[in-house]
Amino acid sequence: MTSFAGSAGAARPVRSTDTLTRDALAVLQPGFTGTTAPDWLLRRLGEGLTSVGLFGRNVADPAQLAALTDRLRTEREDLLVAIDEEGGDVTRLEVRGGSSFPGNHALGAVDDTALTREVARELGRRLADCGINLNWAPSADVNSNPANPVIGVRSFGADPHLVARHTAAYVEGLQSTGVAACTKHFPGHGDTAVDSHHDLPRIAADLATLRQRELVPFRAAIAAGTRAVMSAHILLPALDTDRPATLSPAALHGLLRAPAAEGGLGFDGLIVTDGMEMQAISATYGLERGSVLALAAGADALCVGGGLADEDTVLRLRDALVRAVHDGELPESRLADAAARVQALARWTRSAGAGAGEGAGPAPGIGLTAARRALRLTADGPYEPLTSPAYVAAFTPLANIAVGDDTPWGVAAELARLLPGTETTTCTAESAAAAGTAALIGGLLTAAGDRRVVAVVRDVHRHPWMADALRALLDARPDTAVVEMGVPQAPPRGAPHLATHGAARVCGRAAAEILTGLRGPSHGE
């Protein structure tokens, strides 16, 4: 059946509502709650839903995850199962224990593209073993703003060319396993001081700066064959004075899609949005309106489900897209093209996955190897390794939403494994404000007694309360060892000072080995 919809006074054919409904479902990447597939999700897979997004709440262990994805594929064999598994601080596979892989900043610190490729290959192999074939990674953001509250160690670094070569290596390693890479956050989230989970960031750089800085890694990712690119909810007036990149035809169609001869990047793969329920979009445009605008601007797949993970959200978005086509707000051909691109990627993962067993075998220890190589030691002179139980003071900032607060971090668990009896305390901005810095450190030292203190910090340069507390602690106990597990932007202080370039579990283990003298520093070899 064919119906007609008016647009600017002219009637035009619209395909049957059933076809539009299937296409509308095909462009959604929704989430759900629980470690088994709900009935509503299985039902929608039969009606056209082509992608599902997984989060930490859906993961118990690899066997459970493999069983879940197997169950989903009994309803739809050509299913895209996506996850946000960057490694390092952002992990869903190991959300409750910490990642077996260091994140991008650690890999950038080592600056060995062969290592980055091998880490990404091993991570991809584990994803594929669990039935996941689309990874919302890597982050190709250039961390040009040290105050950035959401990127930080998720970036390979502040040098566009370093970020570019490691982004390309990551894409190649991941996709060699049949898992599609989704390079993010286009056109670059590194020069922001606002987290788009909470508000709309603005980047004031001109187009020439964007081309020389933010776009360099995306150009490299596209040359390396990335199958998908994720858009960012950021406003770049140099591209579009009104709409953030996710909703901007100038950013998606004009810059990302356009051929190089026309000033674009010539990307022909799948464009995925960042989470549409993030405040930068939902609080400004509304979920349904924002989703229609994103598809019209050139996005192909709408990521939703991190915060909204129910059937009602899927139905609201499905119906909003169908209604937009009938009302002439979303071209029918644009929705059909987006759905076709989703289905094309699903086909690629099936063919690529079939041949992924060839080449390098498993490398289960590569994550720890990389974390050890990334560790940087600064010491004014000889220092005494820890040989008896220590007292760990973890100066803990509020975790951003991308990282989440379910994933443990620090060195206390690894030190306690090596030195049984090691204890820890957590210091936060709230506890520092309530007690005052002097009282906070006084209480900490009383609890520590004669034990050596290990201070663990995360982006100390961004948190004045943390810097003040660390200064007071070092003044009182100069023999305190300091472990910086964020971006090591502040001058190193401590006896010794260790920079891990990330807070993954393996980064904590590498630091604990150095602190106890059970493994010598790598000096970046």
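For the structure itself, look to the data block above.
Report follows, based on the coordinates. Since this is a predicted model, take the numbers as computed values, not measurements.

With that settled, consider the overall build of the chain. Helices and strands together make up the secondary structure of the chain, namely 19 helices and 16 strands. Expected size for 525 residues packed as a compact globule is a radius of gyration near 24 Å; at 24 Å, the chain falls within 12% of this value. With respect to the three principal axes, the spread of C-alpha positions in the chain is 80 × 45 × 45 Å. Looking at the 525 residues of the chain, the share that counts as buried comes to 58%. At a minimum sequence separation of 6, the contacts of the chain that also span at least 24 residues come to 76%. Summed over all atoms, the accessible surface of the chain reaches about 19100 Å², with 52% contributed by carbon and sulfur. Considering the chain, the positive charge centre built from 47 side chains and the negative charge centre built from 59 side chains are found 2 Å apart.

All told, the structure shown has three aromatic pairs when counted by the stated rule. Measuring from ring centre to ring centre gives 5.9 Å for F55 and W136, while their planes differ by 45°; the resulting arrangement is tilted. With F55 in the loop between β4 (51–54) and α3 (62–75) and W136 in the loop between β6 (134–135) and α6 (160–175), this pair connects stretches of sequence that are 81 residues apart. Each member of the pair, F55 as well as W136, carries the same accessibility label: buried. Each ring, one from F186 and one from F218, has its centre 5.3 Å from the other, and the planes form 90°; the classification is edge-to-face. Taken together, the residues F186 in strand β7 (residues 180–186) and F218 in helix α8 (residues 215–223) connect sequence positions 32 residues apart. The class of F218 is buried, set by a relative accessible area of 1%. Over the face of the ring belonging to W409 we find R458, whose NZ or CZ atom lies 4.7 Å from the ring centre.

With that out of the way, let us pick up the sheet that holds strand β8 (residues 228–231). Judged by pairing direction, the sheet is parallel, and its six strands sit side by side in the order β4-β5-β6-β7-β8-β9 without closing on themselves. Both outer strands of the open sheet, β4 and β9 (270–273), are each paired with one neighbouring strand and no more. Taken together, the two bridges between strand β5 (residues 80–83) and β6 define a ladder with parallel strand orientation. Bridge pairing in β6 links A82 to L134. Strands β4 and β5 of the sheet are contacted by α3, whose axis makes an angle of about 165° with β4.

Turning our eyes to something else, we now look at the side chain of H233. Within the fold, H233 resides in the loop between β8 and α9 (249–257). At a separation of 2.8 Å, a polar atom in the side chain of H233 contacts the main-chain carbonyl oxygen of G275.

If you want to describe how two helices pack, look at the angle between their axes and the distance between the axes. One way to put it is that helix α1 (residues 17–26) packs onto helix α13 (residues 332–354) with a least axis distance of 8 Å and a crossing angle of 55°. By the angle between their directions, the pair α1 and α13 is classed as oblique. In the crossing of α1 with α13, the sense of the turn from one axis to the other is left-handed. Residue-level contacts link L20, D23, A24 and A26 of α1 to E332, L335, A336, A339, V342 and Q343 of α13. Across the contact of α1 with α13, the residue classes tally to seven nonpolar, one polar and two charged.

Parameters at a glance
- Residues numbered from 1 in each chain as written.
- Predicted model: local features only at pLDDT ≥ 70, side-chain atom pairs only at ≥ 80, totals over all residues.
- Heavy atoms only, no water.
- Helix = DSSP H or I, 4+ residues; strand = E, 2+ residues; numbered from the N terminus.
- Rg over C-alpha atoms; globule rule 2.2 N^0.38 Å.
- Buried < 20%, exposed > 50% of the residue type's maximum accessible area, 1.4 Å probe, protein only.
- Contact = heavy atoms within 4.5 Å.
- Areas by Shrake-Rupley, 256 points an atom, 1.4 Å probe, with all protein chains shown as cover.
- Lys, Arg positive; Asp, Glu negative; His and termini not counted.
- Charge placed at Lys NZ, Arg CZ, Asp CG, Glu CD.
- Phe/Tyr/Trp six-rings, centres within 6.5 Å; stacked < 30°, edge-to-face > 60°.
- Lys NZ or Arg CZ within 6 Å of the ring centre and 35° of its normal.
- Pairing = 2+ DSSP bridges.
- Axes fitted to C-alpha atoms, helices over the stretch in contact; angles between N-to-C directions.
- Polar contact = N/O pair within 3.5 Å; in protein donor to acceptor, adjacent residues only side chain to side chain.
- Parallel < 35°, antiparallel > 145°, perpendicular 65-115°, else oblique.
- Left-handed = near helix turned anticlockwise from the far one by under 90°.
- Nonpolar A, V, L, I, M, F, W, Y, C, P; charged D, E, K, R; others polar.

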